[in-house]
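Reading the structure
Okay, here's what each chain looks like letter by letter:
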Amino acid sequence: MSPNDNRIDARDWSLLAVLSVLWGGSFFFNGAALRELPPLTLVLLRVALGAAILLPLLRMQGIGLPKGMAGWKPFVAIGLLNNVIPFSLIVLGQTYIPSGLASILNATTPLFTVMVMAAAGEEALQMRRVAGVALGLAGVIILRGWETRPGQGLGILLCLGGAFSYGFAALAARRLLKDTPPLGTATFQLMASTVMMAIVAGAMEQPWHLSMPGLTTWLAVLGLAALSTALAYIVFFQILRRSGATNVMLVTLLIPVTAILLGWLVLGEPISAREIAGAIVIGSALLVIDGRAARLLRRVP
């Protein structure tokens, strides 16, 4: 895998926009399902149903399962860092803080990714990228606002821990995933995550003792598994192979923007001047990160 980590082409920008919609929905689905389900059980259902949805597609494509423990080892690592740890921390965080604040904290993921990749020697610490990510995070805060209440400190730390784990997941994906097709990678890491979450949720929450959730909760779980997990990971690993680990994590800056646009288009929610300003700042940040802003400035006489 030799992606260009400094440029993103038009196709991958489009895929990032799609991914931002799919992952942006996860905060809504989590919020709805947590009304009746404990957090770790919700994560278990998310990864298990996501894997179940992808398995028939895997068979249709003729993609075989990994061979032996050595074959599964990379997907266990990716599943732990990309699913088990961040999903659990974020959904636990959402029991203390609202979904909007959780999405803002999730937008720190590119900053952590830049730091992790540089510390591991995988990518040079380019000040252009650091400045761009910091500018983008400022844009997210402008767009969504930053409102906290007493007692939300633990939720904030949990969500930041999830974002930090995503940074290490990007590093692991860079080093461990080479020729596996995106569909195979998405399915195998979800299968490994299901086993791990079954152990954790079983020990901590004993979900077999829970009462049956209502229809609304099941619809939220299905949306979380099918859209925000199964489909989202196929798109995610496609971008990862083509444009690299740091670039794919830029999706977390786009998620708040797409959430507001969907609210405007689908629900008729008004867009404020603050939200427009935040979106402009985020757009400018993405141009800085991608290098287009610097190239445009060099062309100015």
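The structure presented is a predicted model; accordingly, all values stated were derived computationally and were not measured.

Two aromatic rings are characterised by how far apart their centres lie and by the angle between their planes. For the structure shown, the criterion picks out 12 aromatic pairs. Ring plane angle 70° and centroid distance 5.8 Å describe the contact between Trp72 and Phe188, whose orientation is recorded as edge-to-face. Remark: Phe188 occurs in helix H8 (residues 182-204) and Trp72 occurs in helix H3 (residues 68-93); sequence separation between them is 116 residues. Since its relative accessible area comes to 3%, Phe188 is described here as buried. Taking the ring centre of Phe87 as reference, the NZ or CZ of Arg46 above it sits at 3.7 Å.

Before going further, it helps to examine the packing of helix H2 (residues 39-60) against H8. How two helices pack is summed up by the angle between their axes together with the distance between the axes. Contact geometry of H2 with H8 gives a least axis separation of 8 Å together with a crossing angle of 150°. Of the possible angle classes, the one that applies to H2 and H8 is roughly antiparallel. Read as a crossing pair, H2 and H8 show a hand that is left-handed. Class assignment of the residues belonging to the contact of H2 with H8 gives a composition of 20 nonpolar, 6 polar and no charged.

Nonpolar side chains collect at one region of the surface, where Val195, Ile199, Val200 and Met204 lie side by side and expose about 400 Å² of accessible area between them. Checked against the element boundaries, Ile199 lands in helix H8. Judged by its relative accessible area of 59%, Ile199 is exposed.

We now examine the side chain of Asn83. With respect to the element layout, Asn83 can be found in helix H3. Overall, the relative accessible area of 0% leaves Asn83 in the buried class. For Asn83, the side chain forms a polar contact with the side chain of Gln189, separated by 2.9 Å. Beyond its immediate sequence surroundings of up to four residues, Asn83 is in contact with Val47, Ile78, Ser88, Gln189, Leu190, Ser193 and Tyr233.

What counts and how
- Residues numbered from 1 in each chain as written.
- Predicted model: local features only at pLDDT ≥ 70, side-chain atom pairs only at ≥ 80, totals over all residues.
- Heavy atoms only, no water.
- Phe/Tyr/Trp six-rings, centres within 6.5 Å; stacked < 30°, edge-to-face > 60°.
- Helix = DSSP H or I, 4+ residues; strand = E, 2+ residues; numbered from the N terminus.
- Buried < 20%, exposed > 50% of the residue type's maximum accessible area, 1.4 Å probe, protein only.
- Lys NZ or Arg CZ within 6 Å of the ring centre and 35° of its normal.
- Axes fitted to C-alpha atoms, helices over the stretch in contact; angles between N-to-C directions.
- Parallel < 35°, antiparallel > 145°, perpendicular 65-115°, else oblique.
- Left-handed = near helix turned anticlockwise from the far one by under 90°.
- Nonpolar A, V, L, I, M, F, W, Y, C, P; charged D, E, K, R; others polar.
- Patch = residues over 30% accessible without salt bridge, like charges linked within 9 Å, V, L, I, M, F, W, Y side chains within 5 Å.
- Areas by Shrake-Rupley, 256 points an atom, 1.4 Å probe, with all protein chains shown as cover.
- Salt bridge = Lys/Arg side-chain N within 4 Å of Asp/Glu carboxyl O.
- Polar contact = N/O pair within 3.5 Å; in protein donor to acceptor, adjacent residues only side chain to side chain.
- Contact = heavy atoms within 4.5 Å.

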